[in-house]
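Listed here are the chains, written in short residue letters.
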Amino acid sequence: MENTTLIEEKVPSSLPLSIQQPRTSPLREFIKYFRRNRLGVIGLYGILVLLLLAILAPVFSDRPTGYGDVANMLQPPSAQYWFGTDSVGLSIFDQVIWGTRVSLYVGLTAAVISIVIGVPIGLISGYYGGRVSHIGMAITDIFLTLPVLPLMIIMAAVLGTGISNIAIIIGLFSWPQIARVTRAEALAIREKQYIEAARAIGTKESKIIFRHVLLNAFPPILVNMTIIMGTSVLSEAGLSFLGLGDPMSWSWGTILQNAHSTGVIIHAWWLALFPSIAIVVLVLSFNFLGIGINEALNPRLRKR
C-alpha cells in the first residue's frame, strides 16, 4: 500500500503549464506551411507584382490611344521603347501594362460568378443527396459536355464584345468544376459526428450547411478558384485573339490579334513575345498559388 501511494504521488495528474504546447491560430499555421512551398510563394509574388502594375498603370505608362509615334513604327525593343512598337507606333510596353488590368478583372469576375453558381448547387446536392443530388449533378454534367468555345463565341457575338460580357460568359461556363468539388466535400462532411451532433440538438439545416459544411469545404473551393482564374485568363486571351474582345480595351489577346492581323508578326517578333510572356506568367502564378494553398490547408500534403 505504501509503495502504491508513493507511485501515485510521483505521477502528476496533469502536465505543468510551463511545458504545455501553446495553441497556434489557424491563420498562423496556414502562413507557416504556405511559406514552405516555394511554388506557392513564387505564385503569390507574381500575382502581387502584376496587381501592383495594374493599379499603378497610369503612373508607369500612358494609355495607348489612336496612333502613337508614327515615325517609330515597328521599332524593336530599345531604351526608348522597352518592348518595341507596333504597326501604328504604339508602345507594346504600355499595351501590356494596361492589359494586366483586363486579365485580372476577367479572372476575378469569372471566378466569383463560378462560386456564386457552383457552390450552392454543390452544397445542396452533396448535403441532401438522393434525387436532389441527381438533379444538381445532371445539370452540372450537361454543362460539362457542352462545346464551350463555340458557345462562348456565339454568346460573345450576341451579347457584345465588352470585357464585362466576356467575363460573365467565361464565368457561366466555369462553375461546374466548383460544383463537383463542393458536392464531393459536402458528401464527406455530412457524415461526420459533429454534423450528427448538430442535428441532434436541433440546429437548423441552413445553419449546418453554411456554418459547418461550407466552412470545412472552403479549402478545396479556394484552390479551384485560383485554377479557374488562370483558365479564365487563357479563355479571355483566346476570345480576344479571335476578334471577340473589346477593341477599346487593351487585352493581351487583342495585342496578339493586332500583330497577327497586320501580317508583320513573323518579322516583328516582339509583338507576340511580350504579351505571351505576360499570359504565361499570370496563369502560372495562379496555378502555383493554388498549389501552395492546397498544401498549406491539407495536412496530408504538408512538408514537415
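None of the values given here were measured: they were computed from a predicted structure.

Colleague: Quick one: what's the story with the overall build of the chain, residue by residue and with numbers?
Modeller: A tally of regular secondary structure across the chain gives 13 helices and 0 strands. The order of helices and strands in the chain, counted from the N terminus, is α-α-α-α-α-α-α-α-α-α-α-α-α. The buried share of the chain, taken over its 304 residues, is 40%. In the chain, 71% of the contacts between residues at least 6 apart in sequence involve partners at least 24 apart.

Colleague: Which residues make up the packing of aromatic side chains, and what are the values?
Modeller: Applying the stated criterion to the full structure yields 7 aromatic pairs. Seen from their ring centres, Trp269 and Trp270 are 5.6 Å apart, and the 85 degrees between their planes marks the pair as edge-to-face. A relative accessible area of 46% places Trp269 in the partly exposed class. When its relative accessible area of 6% is taken as the criterion, Trp270 is described as buried.

Colleague: Mind laying out helix 3 (residues 38–55), listing which residues take part and the relevant values?
Modeller: Look at helix 3: 26 Å from first C-alpha to last across 18 residues, which is about the 26 Å you get at 1.5 Å a residue. Those residues of helix 3 not exposed but buried are Gly40, Val41, Gly43, Gly46, Ile47, Leu50 and Ala54. For helix 3, the elements touching its buried residues are helix 2 (26–35), helix 4 (57–60), helix 5 (92–128) and helix 13 (270–297).

Colleague: Lay out the packing of helix 11 (residues 205–241) against helix 12 (residues 252–261) with the relevant residues and their values.
Modeller: Closest axis-to-axis distance for the helix 11/helix 12 pair is 7 Å, and the angle between their directions is 30 degrees. Taken as axis vectors, helix 11 and helix 12 run roughly parallel relative to one another. In the packing of helix 11 onto helix 12, the handedness of the crossing is right-handed. Packed against helix 11, whose contacting residues are Ala237, Ser240 and Phe241, the element helix 12 presents Gly253, Thr254, Leu256, Gln257 and His260 at the interface.

Colleague: Kindly report on the nonpolar core, identifying the contributing residues and their values.
Modeller: Ranked by internal contacts, the top residues of the largest apolar core, which has 53 residues, are Ile92, Val96, Val213, Trp252, Leu282 and Phe286. When contributions to this core are tallied by element, the ones reaching two or more residues are helix 2, helix 3, helix 5, helix 9 (175–189), helix 10 (193–200), helix 11, helix 12 and helix 13. If one sorts the elements of this core by residue count, helix 13 sits on top with 12 residues. Look past the residues within four positions of Val213 in its chain and what remains in contact with it is Leu123, Tyr127, Ala186, Ile189, Ile195 and Ile208. Formed by 13 residues, the second largest nonpolar core is a distinct cluster that contains Val106, Ile163, Ile166 and Phe173.

Colleague: Break down the side chain of Ser61 for me, with residues and values.
Modeller: Mapped onto the elements, Ser61 comes out in the loop between helix 4 and helix 5. Judged by its relative accessible area of 5%, Ser61 is buried. Beyond its immediate sequence surroundings of up to four residues, Ser61 is in contact with Phe93, Asp94, Ile97 and Trp98.

Colleague: Tell me about the packing of helix 5 against helix 13, and name the residues and values.
Modeller: Closest axis-to-axis distance for the helix 5/helix 13 pair is 10 Å, and the angle between their directions is 30 degrees. Considering the angle they form, helix 5 stands roughly parallel to helix 13. Note on packing geometry: the crossing formed by helix 5 with helix 13 is right-handed. From helix 5, Ile92, Val96, Ser103 and Leu104 reach across to helix 13, where they touch Trp270, Leu271, Phe274, Pro275, Ala278, Leu282 and Phe286. Looking at side-chain class alone, the contact of helix 5 with helix 13 contains 10 nonpolar, 1 polar and no charged residues.

Colleague: Break down a nonpolar patch on the surface for me, citing the residues and quoting the values.
Modeller: Together, Leu44, Tyr45, Leu48, Leu51 and Ile55 make up an exposed nonpolar region whose accessible area comes to about 470 Å². Structurally, Ile55 can be placed in helix 3. A residue is classified by how much of its surface remains accessible, and Ile55, at 53% relative accessible area, is exposed.

Colleague: Can you break down the confidence of the model for the chain residue by residue, with the values?
Modeller: The share of residues in the chain with pLDDT of 70 or more is 88%, and the mean pLDDT across the chain is 83. The element-level mean pLDDT for the chain is lowest in helix 1 (residues 2–10), coming to 45, with helix 3 highest at 93.

Colleague: Give me the lowdown on the pattern of salt bridges, citing residues and values where you can.
Modeller: Counted according to the given criterion, the structure contains 2 salt bridges. For Asp141, the salt bridge goes to Arg180, with nearest N and O atoms at 2.8 Å. With Asp141 in helix 6 (residues 130–145) and Arg180 in helix 9, this pair connects stretches of sequence that are 39 residues apart.

Rules behind the numbers
- Residues numbered from 1 in each chain as written.
- Predicted model: local features only at pLDDT ≥ 70, side-chain atom pairs only at ≥ 80, totals over all residues.
- Heavy atoms only, no water.
- Helix = DSSP H or I, 4+ residues; strand = E, 2+ residues; numbered from the N terminus.
- Buried < 20%, exposed > 50% of the residue type's maximum accessible area, 1.4 Å probe, protein only.
- Contact = heavy atoms within 4.5 Å.
- Phe/Tyr/Trp six-rings, centres within 6.5 Å; stacked < 30°, edge-to-face > 60°.
- Expected span 1.5 Å × (residues − 1).
- Axes fitted to C-alpha atoms, helices over the stretch in contact; angles between N-to-C directions.
- Parallel < 35°, antiparallel > 145°, perpendicular 65-115°, else oblique.
- Left-handed = near helix turned anticlockwise from the far one by under 90°.
- Core = buried A, V, L, I, M, F, W, Y, C linked by side-chain atoms within 4.5 Å.
- Nonpolar A, V, L, I, M, F, W, Y, C, P; charged D, E, K, R; others polar.
- Patch = residues over 30% accessible without salt bridge, like charges linked within 9 Å, V, L, I, M, F, W, Y side chains within 5 Å.
- Areas by Shrake-Rupley, 256 points an atom, 1.4 Å probe, with all protein chains shown as cover.
- Salt bridge = Lys/Arg side-chain N within 4 Å of Asp/Glu carboxyl O.
- pLDDT = per-residue confidence, 0-100.

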